[in-house]
Amino acid sequence: MKPIQVGLLGIGTVGSGTFNVLQRNKEEIRRRAGRGIEITMVADLDVARAQSIVGPDVKVVNDARAVIANPEIDIVIELIGGYGIAKALVMEAIAAGKHVVTANKALLAVHGTEIFAAASAKGVMVAFEAAVAGGIPIIKALREGLTANSIQWIAGIINGTTNFILSEMRDKGLDFAVVLQEAQRLGYAEADPTFDIEGVDAAHKVTLMSAIAFGIPVQFDKAYVEGITQLGATDIKYAEQLGYRIKLLGITKRTAKGIELRVHPSLVPSKRLIANVEGAMNAVVVNGDAVGTTLYYGKGAGSEPTASAVIADLVDITRLHTADPHHRVPHLAFQPDALSDLTVLPMSEVVTSYYLRLRVADQAGVLAKVTGLLAGAGISIDAVLQREADEVSGEGGTSTDLIILTHDTREGTMNDALAQLQTLPTVLAPIVRIRKEELN
Ligand code: HSE
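None of these values were measured; they are calculated from a predicted model.

Attention now goes to the overall build of the protein chain. Looking only at helices and strands, one finds 15 helices and 17 strands in the protein chain. Here the protein chain has a C-alpha radius of gyration of 24 Å; the compact-globule value for 440 residues is 22 Å, and the two agree. Along the longest, intermediate and shortest principal axes, the C-alpha atoms of the protein chain span 85 × 45 × 35 Å. Expressed as a percentage of its 440 residues, the buried residues of the protein chain come to 55%. In the protein chain, the share of contacts with a sequence separation of at least 24, taken over all contacts with a separation of at least 6, comes to 74%. For the protein chain, the accessible surface area stands at approximately 18,300 Å², while carbon and sulfur atoms represent 52% of it. The positive charge centre, built from 41 side chains, and the negative charge centre, built from 49, are 4 Å apart in the protein chain.

Here we come to helix α15 (residues 411–422). Compared with the 16 Å implied by 1.5 Å per residue over twelve residues, the 16 Å span of α15 between its first and last C-alpha is a close match. Turning to α15, its buried residues number three or more, namely E411, G412, M414, A417, L418 and L421. Residues of α15 that are buried sit in contact with β13 (351–361), α14 (366–376), β15 (399–406), β16 (409–410) and β17 (432–436).

With that settled, the discussion passes to the side chain of N287. As for its placement among the helices and strands, N287 is situated in strand β11 (residues 281–288). According to the relative accessible area criterion, N287 is buried, its value standing at 13%. Of note is the side chain of N287, whose polar atom sits 3.0 Å from the side chain of T293. Setting aside chain neighbours within four positions, we find N287 in contact with S150, I151, Q152, W153, G292 and T293.

Each assigned domain of the protein chain is listed here: domain 1 (4–135 + 303–337), domain 2 (138–299) and domain 3 (350–436). Contact residues are listed per partner, giving 23 residues for domain 1 and 24 residues for domain 2. When the two sides are added together, the surface that domain 1 and domain 2 hide from each other amounts to roughly 2,000 Å², 67% of it contributed by carbon and sulfur. At the surface where domain 1 touches domain 2, the tally comes to one salt bridge. Applying the counting rule to domain 1 against domain 2 returns seven residue pairs in polar contact (both at pLDDT 80 or more). Breaking the side of domain 1 that touches domain 2 down by element, the ones donating at least two residues are α6 (105–122) and α13 (303–320). For the side of domain 1 that touches domain 2, the element with the highest residue contribution is α6, accounting for seven residues. Split by residue class, the side of domain 1 that touches domain 2 holds 15 nonpolar, five polar and three charged.

With that settled, the discussion passes to the environment of P336. The residue P336 is located in the loop between α13 and β13 in this model. Between the C-alpha atoms of P336 and T113, which are 223 residues apart in sequence, the distance is 9.9 Å.

Here the focus is the site of the ligand. Close contacts around the ligand come from K105, N159, G160, T161, D196, D201, K205 and A301, and that covers them all. K105 places a side-chain nitrogen or oxygen 2.7 Å from an oxygen atom of the ligand. Protein coverage of the free-state accessible area of the ligand, which is 260 Å², stands at 81%. Contributions of two or more residues to the shell around the ligand are made by α8 (160–172) and α11 (200–214). A per-class count over the shell around the ligand returns one nonpolar, three polar and four charged.

Let us now look at the packing of aromatic side chains. Following the criterion strictly, the structure yields one aromatic pair and no others. Considering the side-chain rings of F116 and F128, the 5.5 Å spacing of their centres and the 40° angle between planes classify their relative orientation as tilted. Taken as a pair, F116 in helix α6 and F128 in the loop between β6 (126–127) and α7 (138–145) lie far apart in primary sequence, twelve residues in all. The exposure class of F116 is buried, given its relative accessible area of 6%. Take F128: its relative accessible area is 0%, and that puts it in the buried class.

Cut-off values and rules
- Residues numbered from 1 in each chain as written.
- Predicted model: local features only at pLDDT ≥ 70, side-chain atom pairs only at ≥ 80, totals over all residues.
- Heavy atoms only, no water.
- Helix = DSSP H or I, 4+ residues; strand = E, 2+ residues; numbered from the N terminus.
- Rg over C-alpha atoms; globule rule 2.2 N^0.38 Å.
- Buried < 20%, exposed > 50% of the residue type's maximum accessible area, 1.4 Å probe, protein only.
- Contact = heavy atoms within 4.5 Å.
- Areas by Shrake-Rupley, 256 points an atom, 1.4 Å probe, with all protein chains shown as cover.
- Lys, Arg positive; Asp, Glu negative; His and termini not counted.
- Charge placed at Lys NZ, Arg CZ, Asp CG, Glu CD.
- Expected span 1.5 Å × (residues − 1).
- Polar contact = N/O pair within 3.5 Å; in protein donor to acceptor, adjacent residues only side chain to side chain.
- Domains from an automatic or database assignment.
- Buried area = accessible area lost by both parts, 1.4 Å probe.
- Salt bridge = Lys/Arg side-chain N within 4 Å of Asp/Glu carboxyl O.
- Nonpolar A, V, L, I, M, F, W, Y, C, P; charged D, E, K, R; others polar.
- Near = heavy atom within 4 Å.
- Phe/Tyr/Trp six-rings, centres within 6.5 Å; stacked < 30°, edge-to-face > 60°.

Written out as structure tokens, the structure reads:
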């Protein structure tokens, strides 16, 4: 049978990895897919560079629309990124009856509802394994492997840049800004790392996982997003002393009131496997009512790890493109007419436990005042640690760090209590609040 023909829009790191792996593993991929899969056309602004990657047998153009217009092309891979031209091209490819493979988490987290609806109406597939956690087949696991389960929660380290920065901060006792500079110098962080360090990239990914896990529309605008820019080495050190590591987690959880959807730094017990995921690696923990807790670990970015996910999608489409669209795996795991309207909770309704650090005057009654105020707000304390005054440098023993771990508390309640605590004259600096997840 004639190979399935693929058009590639954008041949950067992931695109060249996809081309190379398809070439290298051509025969095994054909045996799995039942048919050859070939990239026969590439669009890239730098035509000469693209041609040097793919060789003379592949047609290279600088106009992506020429790929979409080519009737020989069965599948379009979109690796341009962003919401602008990429969205227009994906919609045009769908309208032209092409199946689409994309690694574009931002596009799907924001415009997924429109894109999936257009694809369903046209009877084509939009596959996006590479959009979440790079080479880890987490979309496949959630959408197919765990399909028997009522998924209860997901917690993931789904941004390698921030995990690398946090690992370095812990290993070397350095502050965020110093490590970020080093990460940029080494090429681990982009020149503009905003989406990574502010948690936006992780929020795009957890939004997609949440939709698939709970059968809800993609709702990036409802996600709570907090990055790692405010984290200090001091809190990483204290967390370590208390038996925790700080990780940037993407969390989505089913609760009686609705769905939690959030990204923020979290204390995680050091004994959990996910707490020991270091450097640029990714990991996702999924808890289902039948299977219990499962863990998926691997490279979340990079040329061939991401190509691994892109090609898995190409094989799926090759196997399924002649099937009746109703017999394919739905884009969001649940049938489009069976999506739920479960509410995504505002952050003030999220219930979690907390690490608080207060720089306080080291004088009689301060601890009682602080704990009394928390008790008055109905916040139950799990542990208190007071550093010896002389351990706080440069303060002449007149102030100290008070570290408090709380039991589960509603975020809105904690916000009110923190506002009150902050007004105490004996609280000398902005209070540090980091959420804590036991993940058990
Ligand atoms: N910038 C992402 C990360 C990889 O650092 O994990 C692509 O999603």
